[in-house]
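The chain contents come next:
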Amino acid sequence: MLFKTIKNTTTTLTVLAICLVCTAVLVFAIQEHEKLYLESVKSDLNGLSDNMANDLVPLLASEPDTFEISTLLLRLERYDNVKFAVVFDTQWQQQDVYFGDAFDTTSSGPNIQVNELKKLPWGVQVEEDELIALKLIGDARLPVGYLLIVLDSLEPLTKSKLSLLKQVLPLTLLVVLLVIGISFFVQQRLFMPLSLLSNLAKNIRETNDYSLRIDIQGKQEVAELSQDINLMMDTINKKNQKNK
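Worth saying up front: this structure is predicted, and the values here are computed from it rather than measured.

What counts, and at which threshold
- Residues numbered from 1 in each chain as written.
- Predicted model: local features only at pLDDT ≥ 70, side-chain atom pairs only at ≥ 80, totals over all residues.
- Heavy atoms only, no water.
- Core = buried A, V, L, I, M, F, W, Y, C linked by side-chain atoms within 4.5 Å.
- Buried < 20%, exposed > 50% of the residue type's maximum accessible area, 1.4 Å probe, protein only.
- Helix = DSSP H or I, 4+ residues; strand = E, 2+ residues; numbered from the N terminus.
- Contact = heavy atoms within 4.5 Å.
- Phe/Tyr/Trp six-rings, centres within 6.5 Å; stacked < 30°, edge-to-face > 60°.

## Side note on the nonpolar core
In terms of nonpolar packing, the biggest core is built from 24 residues, with Leu147 and Ile149 touching the most fellow members. Listing elements by their share of this core, those giving two or more residues are helix H1 (6-61), helix H2 (66-73), strand E1 (82-88), strand E4 (130-138) and strand E5 (143-152). Residues within four places of Ile149 in sequence aside, it is in contact with Leu45, Ser49, Met52, Leu76, Phe84, Ala85, Leu131, Ile132 and Ala133. One finds Val86, Ile112, Leu120 and Val150 within the second-largest nonpolar core, a separate group that totals 13 residues.

Shown next as structure tokens:
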């Protein structure tokens, strides 16, 4: 039934096209938001880990001060998405470990593969829904230790996407409804002359009155069609008059 008439067909295709375009724009916006979000978080984590690595230098330069290291790691308490942070010495031996709110408390501890960790480049990278910051403590020629900070990127990103959808979706629906309403109005105006011509044809068929005329002011094609129909009715009416 949707595609039975030209009007229904064009209306349905218009609505589908509008919905598809809005969906594509929304998906693109979410993808771009994800990229910008990750870049922003990576930048923040890079700055934070750099500052902490610099502050850890005097604490590891001589005999490691566990209390001071623990105090420094408590800076991470303000960040809800921190899983854990580890301070290593130059032999990759753990000096202290911090567990954040995002850490899975059902596990016994962070699963750290030192050999795999050594293969990672210095800096911040994304690994399996985690943001990993690995920093050198001290000078590259004479390091005094290493700092590892692991953040959960999945849950905060999901929350950020949901927040974006809550803000954008109502506006998107409003725009879709507005555009659909305008398209209905335009199509109604465009197809009105055809409806009038159809009604004229029905009246002529029911009454056999070929003197009926129609006057449609609109687009050139429709106006010409109405004039041609009127001329045709004139011709038929004259022939009928002669045959009487």
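Back to the text.
## Considerations on the packing of aromatic side chains
As enumerated under the stated definition, the model contains five aromatic pairs in all. Summarising the aromatic geometry, the rings of Phe84 and Phe103 are spaced 6.3 Å apart at their centres and angled 90° between planes, so their arrangement reads as edge-to-face. A residue pair is termed long-range when its members are at least 10 positions apart, and Phe84 in strand E1 and Phe103 in the loop between strand E2 (94-99) and helix H3 (114-119) qualify at 19 residues. Taking relative accessible area as the criterion, Phe84 reaches 8% and is therefore assigned buried. Overall, the relative accessible area of 15% leaves Phe103 in the buried class. With 5.3 Å between their ring centres and 55° between their planes, Phe88 and Trp92 make a pair best called tilted. The exposure classification of Phe88 matches that of Trp92, with both residues buried. Taken together, Phe88, Trp92, Trp122 and Tyr146 form an aromatic cluster joined through their ring pairs.

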